Amino acid sequence: MNGQIVNIMIALLTLFVAAILASHSSVYAQAQIPIRPPEKNKWIVDLTGQVPADAVTEINLMCTEIFEANNRELVVVVINSTDGRDHRKYATQLFNQWGIGSAFKDNGILLLAALGDRRAEIIVGDGVDYDPQVRSAEKIMDTIIVPGFKQGDIGGALYEGARACATRILSIASLQAPRDLRRADEIRWRQRAKPRWSLRRELARIGPWPWIIGSGLLGIVGIFWFRHFNRYRARGCLECGGETVLLSEEQDDQFLDRGESVEEQLGSVDYDVWACLNCEEVVKIRYGRWFTRYSKCPRCNYNTRCKITRTVVQATTRHGGRVRVDEDCRNCDYRKRYSYSTPRIPVSSGSSGGRRSRGFGFGRSSSSGRSFGGRSFGGGGRFGGGRSSGRGASGGW
Ligand SMILES: [Zn+2]
Ligand SMILES: [Zn+2]
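All residue numbers here refer to positions counted from 1 along the written sequence of the relevant chain. All chains are assigned letters beginning at A, and all ligands numbers beginning at 1, according to the order in which they are written. With pLDDT at 70 or above as the cut-off, local features in this predicted model cover only qualifying residues; side-chain atom pairs require 80 or more to be listed or tallied, and sums for whole chains, interfaces and linings still use all residues. In computing side-chain values, all of the structure's heavy atoms are included and hydrogens and water are not.

1. A closer look at the overall build of the chain
What counts here: Each helix corresponds to a stretch of at least 4 residues labelled H or I by DSSP, and each strand to a stretch of at least 2 residues labelled E; elements are numbered beginning at the N terminus. For every residue, the accessible area obtained with a 1.4 Å probe (protein chains only) is divided by the maximum for its type, and the residue is called buried under 20%, exposed over 50%, and partly exposed between those limits. For accessible areas, the Shrake-Rupley method is used with a probe of radius 1.4 Å. Any residue's cover is judged against the shown protein chains and nothing else.
Per the secondary structure count, the chain includes 10 helices and 12 strands. Residues classed as buried in the chain amount to 44% of the 397 residues present. Total accessible area on the chain is roughly 22000 Å²; 55% of this is exposed by carbon and sulfur atoms.

2. Description of the coordination of the zinc ion (ligand 2)
Our working definition: Coordination partners: N, O, S within 2.8 Å of the metal, 3.2 Å for Na, K and Ca; water not considered, so apparent gaps in a site are possible. Irregular is the label for any site that misses the other tests, which are tetrahedral for four donors with all angles between 85 and 135 degrees, and square planar for four donors or octahedral for six when opposite donors exceed 155 degrees and the remaining angles lie between 65 and 115.
Bound to the zinc ion (ligand 2) are the protein donor atoms Cys 297 (SG), Cys 300 (SG), Cys 329 (SG) and Cys 332 (SG), situated 2.1 to 2.3 Å from the metal. Between the four donor atoms coordinating the zinc ion (ligand 2), the angles at the centre fall across 105 to 119°, so the site counts as tetrahedral. Residue Cys 300 is classed as buried on the basis of its relative accessible area of 18%.

3. What to know about the coordination of the zinc ion (ligand 1)
Those protein atoms acting as donors to the zinc ion (ligand 1) are Cys 237 (SG), Cys 240 (SG), Cys 276 (SG) and Cys 279 (SG), and they sit at 2.2 to 2.3 Å. Relative to the metal, the four donor atoms surrounding the zinc ion (ligand 1) lie at angles of 102 to 116°, and the coordination shape comes out tetrahedral. Between consecutive donor residues of the zinc ion (ligand 1), the sequence gaps follow C-x2-C-x35-C-x2-C. With Cys 240 in the loop between helix H8 (209–232) and strand S5 (244–246) and Cys 276 in strand S6 (residues 269–276), this pair connects stretches of sequence that are 36 residues apart. The exposure class assigned to Cys 240 is partly exposed, which follows from its relative accessible area of 37%. According to the relative accessible area criterion, Cys 276 is buried, its value standing at 10%.

4. Thoughts on the sheet that holds strand S2 (residues 74–79)
Under the convention used in this document: For two strands to be treated as a pair, DSSP must find no fewer than two bridges joining them. For helices, the fitted line uses only the C-alpha atoms of the stretch in contact; every axis is such a line through C-alpha atoms, and the angle between N-to-C directions lies from 0 to 180 degrees. Residue contacts follow a heavy-atom distance rule, with two residues in contact if any of their heavy atoms lie within 4.5 Å.
Taken in spatial order, the five strands make up an open sheet running S1-S2-S3-S4-S12, and their pairing is mixed. Both outer strands of the open sheet, strand S1 (44–46) and strand S12 (392–396), are each paired with one neighbouring strand and no more. Across the sheet, the mean angle separating the axes of adjacent strands is 10° when strand polarity is ignored. Lying over the sheet, helix H4 (residues 131–150) contacts strand S3 (109–114), strand S4 (119–124) and S12, oriented at roughly 25° with respect to S12.

5. What to know about helix H2 (residues 53–70)
Note the threshold: Helix span, as expected, comes to 1.5 Å for every residue beyond the first.
Between its terminal C-alpha atoms H2 stretches 25 Å, which fits the 26 Å expected from 18 residues at 1.5 Å a residue. Here H2 has its buried residues at Ala 55, Ile 59, Asn 60, Met 62, Cys 63, Thr 64, Ile 66 and Phe 67. Of the surrounding elements, those touching the buried residues of H2 are S1, S2 and helix H5 (154–169).

6. Let's talk about the packing of aromatic side chains
Heads up, the rule is: Ring pairs are drawn from Phe, Tyr and Trp, using the six-membered ring of Trp, whenever the two centres fall within 6.5 Å, and their geometry is named by plane angle: stacked under 30 degrees, edge-to-face over 60, tilted for the rest.
One pass over the full model with this rule turns up four aromatic pairs. Residues Trp 43 and Phe 67 carry aromatic rings whose centres are separated by 5.3 Å and whose planes lie at 50° to one another, so their mutual orientation is tilted. Linking Trp 43 in the loop between helix H1 (2–28) and S1 with Phe 67 in helix H2, this pair joins segments that are 24 residues apart in sequence. Looking at Trp 43, the relative accessible area reads 1%, which means it is buried.

7. A closer look at the packing of H4 against H5
Filter applied, for reference: To sort the angles, those under 35 degrees are grouped as roughly parallel, those over 145 as roughly antiparallel, those from 65 to 115 as roughly perpendicular, and the leftovers as oblique. Two helices cross in a left-handed way if the nearer one is turned anticlockwise from the farther one by less than a right angle. They cross in a right-handed way if the turn is clockwise. Any residue that is not Ala, Val, Leu, Ile, Met, Phe, Trp, Tyr, Cys, Pro, Asp, Glu, Lys or Arg is counted as polar, Gly included; the first ten are nonpolar and the last four charged.
At their nearest, the axes of H4 and H5 sit 8 Å apart, and the two run at 165° to each other. As far as their axial angle goes, H5 and H4 are roughly antiparallel. For the crossing formed where H4 meets H5, the hand is right-handed. Within the contact between the two elements, H4 uses Gln 133, Ser 136, Ala 137, Ile 140, Ile 144, Ile 145, Gly 148 and Phe 149 and H5 uses Ile 154, Ala 157, Leu 158, Glu 160, Gly 161, Ala 164, Cys 165, Arg 168 and Ile 169. Broken down by class, the residue content of the contact of H4 with H5 amounts to 11 nonpolar, four polar and two charged.

8. Brief notes about the sheet that holds strand S10 (residues 321–329)
Read across the open sheet, the four strands follow the order S8-S9-S10-S11; overall the sheet is antiparallel. Edge positions in the open sheet fall to strand S8 (294–295) and strand S11 (335–342), since each of these has one partner strand only. With eight bridges connecting them, strand S9 (residues 305–313) and S10 associate as antiparallel partners. If you follow Lys 307 over to S10, its bridge partner there is Glu 327.

9. Topic: the pattern of salt bridges
Quick reminder of the rule: Salt bridge, as used here, is a side-chain nitrogen of Lys or Arg placed within 4 Å of a carboxyl oxygen of Asp or Glu.
For the structure on display, the rule yields 16 salt bridges. In this structure, the salt-bridge partner of Arg 205 is Glu 202, at a minimum N-O distance of 3.0 Å. Residue Arg 205 and its partner Glu 202 are both found in helix H7 (residues 199–206); the two are separated by three residues, about one turn of the helix.

10. Quick word on the nonpolar core
Just so we agree on the cut-off: Nonpolar cores are built from buried Ala, Val, Leu, Ile, Met, Phe, Trp, Tyr and Cys residues. Side-chain atoms within 4.5 Å join them into one set.
Core analysis: the largest hydrophobic core is formed by 57 residues, its most contacted members being Leu 110, Ile 122, Phe 149 and Leu 158. Going through the elements one at a time, S1, H2, S2, helix H3 (87–98), S3, S4, H4 and H5 are the ones with two or more residues in this core. A per-element tally of this core places H5 first, with nine residues. Judged by nonpolar contacts, the second largest core, of six residues, contains Leu 247, Leu 256, Tyr 271 and Ala 275.

11. Here we look at the confidence of the model for the chain
Parts of the model with low pLDDT should not have their predicted coordinates read in detail. Just so we agree on the cut-off: A residue's pLDDT is the confidence the predictor assigns to it, expressed on a 0 to 100 scale.
Here the chain averages 81 in pLDDT, while 81% of its residues score no lower than 70. No element of the chain has a lower mean pLDDT than helix H6 (residues 180–192), at 52, and none a higher one than S3, at 95.

12. Concerning the side chain of Glu 264
The cut-off we apply is this: Lys and Arg are tallied as positive, Asp and Glu as negative. Neither His nor the chain termini are counted. A 3.5 Å cut-off defines polar contacts: any pair of N or O atoms within that distance qualifies, except that in protein one atom must be a possible hydrogen donor and the other a possible acceptor, and neighbouring residues in sequence count only when both atoms are side-chain atoms.
Considering the arrangement of structural elements, one finds Glu 264 in helix H10 (residues 258–266). One buried charged residue, Glu 264, forms no salt bridge at all, with the nearest opposite charge on Arg 231 at 6.6 Å. Polar side-chain contacts of Glu 264 include one of 2.8 Å to the backbone nitrogen of Tyr 271. Dropping the residues within four chain positions of it, Glu 264 is found in contact with Glu 249, Asp 252, Asp 253, Leu 256, Val 269, Asp 270 and Tyr 271.

13. Description of the pairing of S3
Put simply, the rule reads: By convention, orient the strands away from the viewer: a clockwise path from the first strand over the helix to the second makes the crossover right-handed.
Counting buried positions along S3 gives six out of six residues, so the element sits mostly inside the fold. Here S2 runs beside S3; their pairing, made up of six bridges, is parallel. Residue Val 75 lies in a different strand from S3, and its bridge partner there is Leu 110. For the crossover that starts at S2, traverses H3 and ends in the parallel S3, the hand is right-handed. The pairing of S3 with S4 spans six bridges and is classified as antiparallel. The residue bridging Leu 111 from the neighbouring strand is Ile 122, located in S4. Hairpin connection, S3 to S4: the antiparallel pair is bridged by four residues, and Arg 118 has positive phi, about 55°.

So this is what it looks like as structure tokens:
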């Protein structure tokens, strides 16, 4: 009975986790990462058509200057929606697929805005993701980008956001001072915007995994607690209703038969014996261990069968292997010897993988790993192959 309840609980927990995983991964297959623009000096990609043309021009000019004078890469991408995908992960994947920043220094920055989702992300490369820079990114998000979008000023939010990323995160001091109007806008935003704490933003920042893992752990702890509670709860005698006591391991041996004693010695099964203090009634309860190398013996039916498998011949790419199995029962004289073959190891087709290969290879050789050539000196291709593990800032409006 007890074991059944535990099994049901485990099954429910497994279903719960599986359902979350399934929903999570199905969401994944949706939004595609846009293709990196092949044009030189195109640093903003607007798939929505909502960014004003002058803002696009300004951003391209600014980012070209950032690149040509400082050898840094700042890219702005504007999409409508990630179709339910996590914005941070989407932006990080885009960053790495495009390879934003120098591969030597990983100093790129991506500013992504999903206008339909009302979400923005700043992703900084691994070389500029120290805490002060991440704090700067958060501040830029909270005081410039989000307030700008809230006002409906898409161009201003992107331009000022990108400029602040360049001056504060990449420490590019040489950027020309912005026009007076823009400066005034920025000051206005700065005065108005208080860094508010938002539950939605915090939850989005934390992501689903801590909750999934936490509830899973809680469930497991709950199962063990329930098992323990159920096992040692006080129980009345089934015959007379009197008080019963749990006998110690030494005391209960007299109530176990030979096979049960062997099981308890081997640790494959634990027996609890409850004796009534009032009458002669004795109740024996069997607890099979979850992790044991002993299984049920087909002859004596006790959990005393030991199975030892040994690899006699290791499988290689040229021939299959052979495994020998020795089965012995520790309780009766059951004995079984047999062996079976394992398949040949298939010859792998070399470097066919490359699922993680970075970039689409505009102007770059398709060699694996980092490409150190490319655009950093020549200026032919685009983006140097920088990487990011996804630090930066998120915002919603
Ligand atoms: Zn009794
Ligand atoms: Zn046996």
